[in-house]
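Tertiary structure, described
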Amino acid sequence: MAEPSDEIEKLYQYGERLNEAKDKSQHVGDYEGIIKAATSPSIKAQQLAAQLIPRFFKFFPGTAVSALDAHFDLCEADELGVRVQAIRGLPLFCKDTPEHLPKLIDILAQLLSAEENVERDAVQKALLSLLRQDVKASLTALFKHIESVEEPITDESLRERTLTFIKDKVFPLKTELLKPPEEMEKHITDLIKKSLQDVTGSEFKMFIDFLKSLSIFGEKAPPERVQELMEMIEGQADLDAQFNVSDMDHVDRLISCLYMALPFFVRGASNSKFLNYLNKQIFPVFDELPEKRKVDLLKNLAESSPYTTPQDARQIFPSVVQLLKKYMPLRKTGEEMNFTYVECLLYTFHHLASKAPNATNSLCGYKIVTGQPSDRLGEDFSENYKDFTERSWVRTFPLTVHGGRSLGVTRLSCVEELDRATMKKLTQGMAEHNKAMATAKTDEEKATIKTKKQNSTTGLRTCNNILAMTEPLLSKSKVPSFIGDKRINLSWKEAVKPSATSTAAAAGGKRPASSTNGSGNYANKKGRGAVGVQNQLVNKAFEGLSYGGRSGTRGGGRGW
């Protein structure tokens, strides 16, 4: 279509007069002519209007509403070039009239749905330009599309697009945008806190990871800042709610939050609230939990146990001993043993006992002397000792190992014997895997054998750990030694190299990527769904062995 040259000429004249005029407010008619051109059928006229409306906007406050409305219409024009021109001009409206910034942020957030790359790029650049003009007001306006405290979120797609922009474009520029650092880091923390009322698991983890990267929560942060993050995690875990074992969303949320809290326990945050909740709400119904959740919970409990206070250790210790007795079977019952459960519980036992040693006297029949009335040395707990530790051999068992010696009927001795027998089978299996690898011809065969070898290696680590933790408890003097340091490296964790930093050593190293404990998504308590955490075959190495059939696996599915 031919361009109406007279209309284009008029627009150029309006622009030139306004550009040259000392008192531009005297030329309101020219500016109104520019605004009117926004509705012209001419694409060239629309493009010129998109350039000129924001350029002279500040000189005509009386036409602000009509000018903004006309420009917003241009942002939704049929022609791509007009839309892009109008979007690029939006930040100009706020240079001298910042009161319009929230409205412009709102418009741009809605335009994040643009399908054309050039248009979406223009939207993102316009948003970043506004953030650089006034980061505090811009962030506040952006987060209104994410949080749901003041008013319900009605457009989920708008929320997701805004969140994606913040994650991909804003968070990486935190050093540039968050100035002055302390003030703005506190401000964005407050905005994130409001948004945590209704988030998925992946969103919550993303927010926590970002907050950890801020200087106010860095390695040199004071204890109150670390505790502030801890309280966010505790709130997300719903530790004040009555636990319902059939609510898998809450189960997954609890497990994931406990995992996310582990680095903060290392930095001095209290694990008391989590432990009390486990003790009072979870352990009484532990058997009712799905198998795939039990192992996650026990792993996280084990990793948090070194950071328990003596008071909390004494409170939770009876529940741990009960679970340990349950999963350290007497051979005569014919029970299978879940090696991962036992490793987790023995590790927890040692660390709790090292914090409150005389708590073992009444529960396990030991005779630890601390000089406190809680030693209870005058009472007879010998039956508890026999049940828990004593080597008492039964000759009628048909199965014998290690030179014909019959398996013991007590728990620790039984675990030790089963552990040694399993180690022997795993070692034999490893030799068979090595032979099979030497003769394997296809990549598929080699990959299968490699997986089997890795599973056997993990199984051997588990068995070695169990053996290392049972032996100190089998003291004839009834005064065992408890491992309360970092000598035991849990089987699912990478070994900490001597060259590692003190921080990494304190944390015991990161859990391997193959164990995605706590890093997956979940649905929040208001039902926002996401993909669940992935599985790791924790006891895979023990499959097919005579005493290790139970699988301790992580589960997938939707939810936390």
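Residues numbered from 1 in each chain as written. Predicted model: local features only at pLDDT ≥ 70, side-chain atom pairs only at ≥ 80, totals over all residues. Heavy atoms only, no water.

1. Observations regarding the overall build of the chain
- Per the secondary structure count, the chain includes 23 helices and 2 strands.
- Considering only contacts within the chain whose residues lie at least 6 apart along the sequence, 66% involve residues at least 24 apart.
- Approximately 26000 Å² of the chain is accessible, and the part contributed by carbon and sulfur atoms is 49%. (Helix = DSSP H or I, 4+ residues; strand = E, 2+ residues; numbered from the N terminus. Contact = heavy atoms within 4.5 Å. Areas by Shrake-Rupley, 256 points an atom, 1.4 Å probe, with all protein chains shown as cover.)

2. Structural notes on helix α4 (residues 64-74)
- Of the positions making up α4, those classed as buried are A64, A67, L68, A70, H71, F72 and L74.
- Against the buried residues of α4 lie α2 (28-36), α3 (43-55), α5 (80-89) and α6 (101-111). (Buried < 20%, exposed > 50% of the residue type's maximum accessible area, 1.4 Å probe, protein only.)

3. As for the nonpolar core
- If you look at the biggest cluster of nonpolar residues, it comprises 156 residues, and the most contacted ones within it are Y31, I53, L139, F274, F349 and Y366.
- By residue number, the principal contributor to this core is helix α14 (residues 248-266), which donates 11 residues.
- With near-sequence residues (within four places) excluded, Y31 lies in contact with L18, L52, I53, F56, F57, F60, T63 and A67. (Core = buried A, V, L, I, M, F, W, Y, C linked by side-chain atoms within 4.5 Å.)

4. Looking at the packing of helix α21 (residues 411-439) against helix α22 (residues 443-470)
- Interaxial distance between α21 and α22 falls to 9 Å at its minimum, and their mutual angle equals 155°. One element, α21, and the other, α22, form an angle in the roughly antiparallel class. Handedness of the α21/α22 crossing: left-handed.
- Considering only residue class, the contact of α21 with α22 consists of 12 nonpolar, 9 polar and 7 charged. (Axes fitted to C-alpha atoms, helices over the stretch in contact; angles between N-to-C directions. Parallel < 35°, antiparallel > 145°, perpendicular 65-115°, else oblique. Left-handed = near helix turned anticlockwise from the far one by under 90°. Nonpolar A, V, L, I, M, F, W, Y, C, P; charged D, E, K, R; others polar.)

5. Side note on the side chain of H351
- Secondary-structure assignment places H351 in helix α18 (residues 339-355).
- Apart from residues no more than four positions distant in its own chain, H351 is found in contact with S305, P306, I483, G484 and D485.

6. Brief notes about the pattern of salt bridges
- For the structure on display, the rule yields 24 salt bridges.
- Between D485 and R487 there is a salt bridge, with its nearest N and O atoms 2.9 Å apart.
- Given the relative accessible area of 59%, R487 is considered exposed. (Salt bridge = Lys/Arg side-chain N within 4 Å of Asp/Glu carboxyl O.)

7. Points about helix α9 (residues 156-170)
- Between its first and last C-alpha, α9 extends 20 Å over 15 residues, near the 21 Å set by a 1.5 Å rise per residue.
- Turning to α9, its buried residues number three or more, namely L158, R159, T162, L163, F165, I166 and V170. Take α9 and look down its axis: the buried residues cluster within an arc of 155°, on one side only.
- On its buried face, α9 is in contact with α6, α7 (117-133), α8 (135-143), α10 (174-177) and α12 (201-213). (Expected span 1.5 Å × (residues − 1). Arc of directions from axis to C-beta.)

8. Some details on the environment of A440
- You can see A440 is positioned in the loop between α21 and α22.
- Among the residues examined, A440 registers a relative accessible area of 14% and is labelled buried.
- Contact partners of A440, with chain neighbours within four places excluded, come to E445, K446 and I449.

9. Some thoughts on the side chain of S304
- Tracing the backbone through its elements, the reader meets S304 in helix α16 (residues 291-304).
- We classify S304 as buried; its relative accessible area is 1%.
- Once residues within four sequence positions are removed from consideration, S304 is found in contact with L262, F265, N271 and L275.

10. Focus on the packing of aromatic side chains
- Here the structure, examined in full by the defined rule, presents 14 aromatic pairs.
- With a centroid separation of 6.5 Å and an interplanar angle of 35°, the aromatic rings of F143 and F207 are classed as tilted. Here F207 lies in helix α12 and F143 lies in helix α8, a separation of 64 residues in the sequence.
- On the basis of an interplanar angle of 75° and a centroid distance of 6.3 Å, the ring pair of F286 and Y327 is categorised as edge-to-face. Separated by 41 residues along the polypeptide, F286 in the loop between α15 (272-282) and α16 and Y327 in helix α17 (residues 310-327) bring together distant segments of the chain. Per residue, the accessibility class of F286 equals that of Y327, and both read buried.
- Cluster of aromatic residues (ring-pair linked, three or more members): F317, F349, Y366, Y385, F388 and F482.
- Across from the ring centre of F59, 5.1 Å away, lies the NZ or CZ of K24, which sits over that ring. (Phe/Tyr/Trp six-rings, centres within 6.5 Å; stacked < 30°, edge-to-face > 60°. Lys NZ or Arg CZ within 6 Å of the ring centre and 35° of its normal.)

11. Some thoughts on the packing of α18 against α21
- Across the interface, α18 lies against α21 with an axial gap of 12 Å and an inter-helix angle of 130°. Put simply, α18 runs oblique to α21. For α18 against α21, the interelement crossing comes out left-handed. Every residue of α21 that contacts α18 at F339, V342 and L346 is listed here: L412, V415, L418, D419 and T422.
- Taken together, the residues of the contact of α18 with α21 sort by class into 6 nonpolar, 1 polar and 1 charged.

12. Examining the environment of L68
- Along the polypeptide, L68 turns up in helix α4.
- You can call L68 buried: its relative accessible area is 10%.
- Through-space distance from the C-alpha of L68 to that of H100 is 9.4 Å; in sequence the pair is 32 residues apart.
- Leaving out residues up to four positions away in the same chain, L68 has contacts with F57, F93, H100 and L104.

13. Quick look at the confidence of the model for the chain
- Residues of the chain with pLDDT of at least 70 account for 82%, and the chain-wide mean is 84.
- pLDDT under 50 marks residues 391-408. Its contacts with residues more than four places away, or in other chains, come to 39 contacts.
- In this model, residues 498-559 is a region of pLDDT below 50 whose contacts with residues beyond four sequence positions or in other chains number 178 contacts. (pLDDT = per-residue confidence, 0-100.)

14. Thoughts on unusual backbone geometry
- A cis amide bond, omega -5°, links K179 with the succeeding residue P180.
- Position of P180 among the secondary structure elements: in the loop between α10 and α11 (181-195).
- Positive phi, close to 60°, is recorded for D238, a residue that is not glycine.
- Positive phi is not limited to glycine here, since R376 has a value of about 55°.
- With respect to the element layout, R376 can be found in the loop between α19 (359-364) and α20 (382-388).

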